[in-house]
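Structure at a glance
Listed below, chain by chain, are the residues.
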Amino acid sequence: MTYCLAIKVNNGLVFASDSRTNAGVDYVSTYSKMHVFGAPGDRLIVLITSGNLATSQAVVNAIQRDLDDPSAQQNLNSFHYLFDAAHYVGHLSQRIQNEHGPVLKENGVSVEASFILGGQIHGRDPNVYMIYPQGNYITASPETPYLQIGETKYGKPILDRIIRPETSLEDAARCALVSIDSTMRANISVGPPVELAIYQHNILSLNRRLSFDYGTPFFSTMQKSWNEGLRRAFNQLPRFDWESPST
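Everything numeric in this text was worked out from a predicted model, so none of it was measured.

1. Digging into the pairing of strand E8 (residues 127-131)
Taking burial as the measure, the five residues of E8 include five buried ones, the bulk of the element. On E8, burial covers both faces: Asn127, Tyr129 and Ile131 on one face and Val128 and Met130 on the other are all buried. In this sheet, E8 lies alongside strand E7 (residues 113-121) in antiparallel orientation, the contact comprising five bridges. Within the sheet, the bridge partner assigned to glycine 118 lies in E8 and is valine 128. Taken together, E7 and the strand that follows it, E8, pair antiparallel across an intervening segment of five residues, in which glycine 123 is found at a positive phi of about 85 degrees. The pairing of E8 with strand E9 (residues 137-139) spans three bridges and is antiparallel. Along E9, the bridge assignment pairs isoleucine 131 with tyrosine 137. Where E8 folds back onto E9 in an antiparallel hairpin, the turn is made up of five residues, including glycine 135, whose phi is positive at roughly 100 degrees.

See the structure below:
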């Protein structure tokens, strides 16, 4: 299991992902699930992955092969619309799942993988898409300006409470980190390093890409501040009628 998310606000996009991959509690590995593609000044595309690691890696390898092959009919640099890139990634995922799925399913192994693709192509607005294992996809909306894949339930409440289209990029980034931290506390299959990417509207290159571990000072301070703030807020909740003021 893993947890990845993307946030779309008026000023740009935020991507965040954990790096833990496990095949049971006694076998835990670390792999980056965030991949960056594009041509500076023309396009910036970020792909984050969840699900079967072999499928995810095969998709990323196929993307890179097409980018390196001058005779490839299409690649991430050839599309004029970001949703066409999402369709392309969904098609690659389906092809790879169909190739390896039957044998693995006989052994009870799922080959499914999900992706979030986002970024901007020159002359178009930035956007994010969630690509399902079946190859179809959805986009974020003003009412729900974020997308999640993997272990989504623990990190969703903070996104619902905080994220709005007018939220600043920095606040959206902090919210993404809190969302992942909440998930790590609730599910041991999600863990650091946490990768964070921040993209500013119309820059067409990645502004910031950061990595945080438990010992990273900023991440540790953020965790402490959030925990203490929650306790203060909880202690300020209204008292029941039968409680004394000092309770």
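From this point, the narrative continues.
2. Things to note about unusual backbone geometry
At the junction of proline 192 and proline 193, the peptide bond is cis and its omega measures out at 0 degrees in the coordinates. Along the chain, proline 193 falls in the loop between helix H4 (169-186) and strand E11 (194-200). The phi torsion at asparagine 202 lies on the positive side, around 75 degrees, for a residue other than glycine. Mapped onto the elements of the fold, asparagine 202 is located in the loop between E11 and strand E12 (208-212). The backbone phi angle of leucine 204 is positive, close to 65 degrees, even though this residue is not glycine.

3. Let's talk about the packing of H4 against helix H5 (residues 217-235)
The description of two helices packed together rests on the angle between their axes and the distance between the axes. In contact at an axis separation of 11 Å, H4 and H5 are set at 80 degrees when each is read in the N-to-C sense. Taken as axis vectors, H4 and H5 run roughly perpendicular relative to one another. Along its contact with H4, which presents Arg174, Leu177, Val178, Asp181, Met184 and Arg185, the element H5 presents Phe218, Phe219, Met222, Gln223, Trp226 and Asn227. Partitioned by chemical class, the residues of the contact of H4 with H5 number seven nonpolar, two polar and three charged.

4. A word on the layout of surface pockets
In this structure, the second largest pocket occupies an estimated 220 Å³ of space. For the second largest pocket, the lining is made up of 14 residues, of which Leu169, Glu170, Ala173, Ile198 and Arg208 are closest to its centre. Elements supplying a minimum of two residues to the lining of the second largest pocket: H4, E11 and E12. Tallied by class, residues from the lining of the second largest pocket come to nine nonpolar, two polar and three charged.

5. Points about the sheet that holds strand E5 (residues 34-39)
Taken in spatial order, the five strands line up as E5-E6-E7-E8-E9 in an open sheet, and their pairing is antiparallel. The strands lining the two open edges of the sheet, one partner per strand, are E5 and E9. The mean inter-strand angle of the sheet, taken between neighbouring strand axes irrespective of direction, is 20 degrees. Pairing geometry for E5 and strand E6 (residues 43-51), over six bridges, is antiparallel. Of the residues in E6, the one forming a bridge with glycine 38 is leucine 44.

6. Focus: H5
The terminal C-alpha atoms of H5 lie 27 Å apart, and with 19 residues this matches the ideal 27 Å at 1.5 Å per residue to within 8%. In this fold, the buried residues of H5 make contact with H4, E11 and E12.

7. Details of helix H1 (residues 53-68)
Between the first and last C-alpha of H1 there are 22 Å, a value that for 16 residues agrees with the 22 Å anticipated at 1.5 Å per step. Among the residues of H1, Thr55, Ser56, Val59, Val60, Ala62, Ile63 and Asp66 are the ones counted as buried. One side of H1 holds all its buried residues, which, seen down the axis, span an arc of 155 degrees. Across H1 from its buried face, at more than 90 degrees, point the exposed residues Ala54, Asn61 and Asp68. Its side-chain oxygen placed 3.0 Å from the backbone nitrogen of alanine 54, asparagine 52 serves as the N-cap of H1.

8. Focus: the environment of proline 142
Its place among the elements puts proline 142 in the loop between E9 and strand E10 (146-150). Placed 22 residues apart in sequence, proline 142 and arginine 164 show a C-alpha to C-alpha distance of 7.4 Å.

Reading the values: the criteria
Residues numbered from 1 in each chain as written. Predicted model: local features only at pLDDT ≥ 70, side-chain atom pairs only at ≥ 80, totals over all residues. Heavy atoms only, no water. Buried < 20%, exposed > 50% of the residue type's maximum accessible area, 1.4 Å probe, protein only. Helix = DSSP H or I, 4+ residues; strand = E, 2+ residues; numbered from the N terminus. Pairing = 2+ DSSP bridges. Axes fitted to C-alpha atoms, helices over the stretch in contact; angles between N-to-C directions. Parallel < 35°, antiparallel > 145°, perpendicular 65-115°, else oblique. Contact = heavy atoms within 4.5 Å. Nonpolar A, V, L, I, M, F, W, Y, C, P; charged D, E, K, R; others polar. 1 Å grid on protein atoms, 1.4 Å probe; cavity = no way out; pocket = protein on both sides within 12 Å on 5 of 7 lines; lining within 4 Å. Points joined across faces, edges and corners; volume = space filled by probe spheres on them. Expected span 1.5 Å × (residues − 1). Arc of directions from axis to C-beta. Polar contact = N/O pair within 3.5 Å; in protein donor to acceptor, adjacent residues only side chain to side chain.

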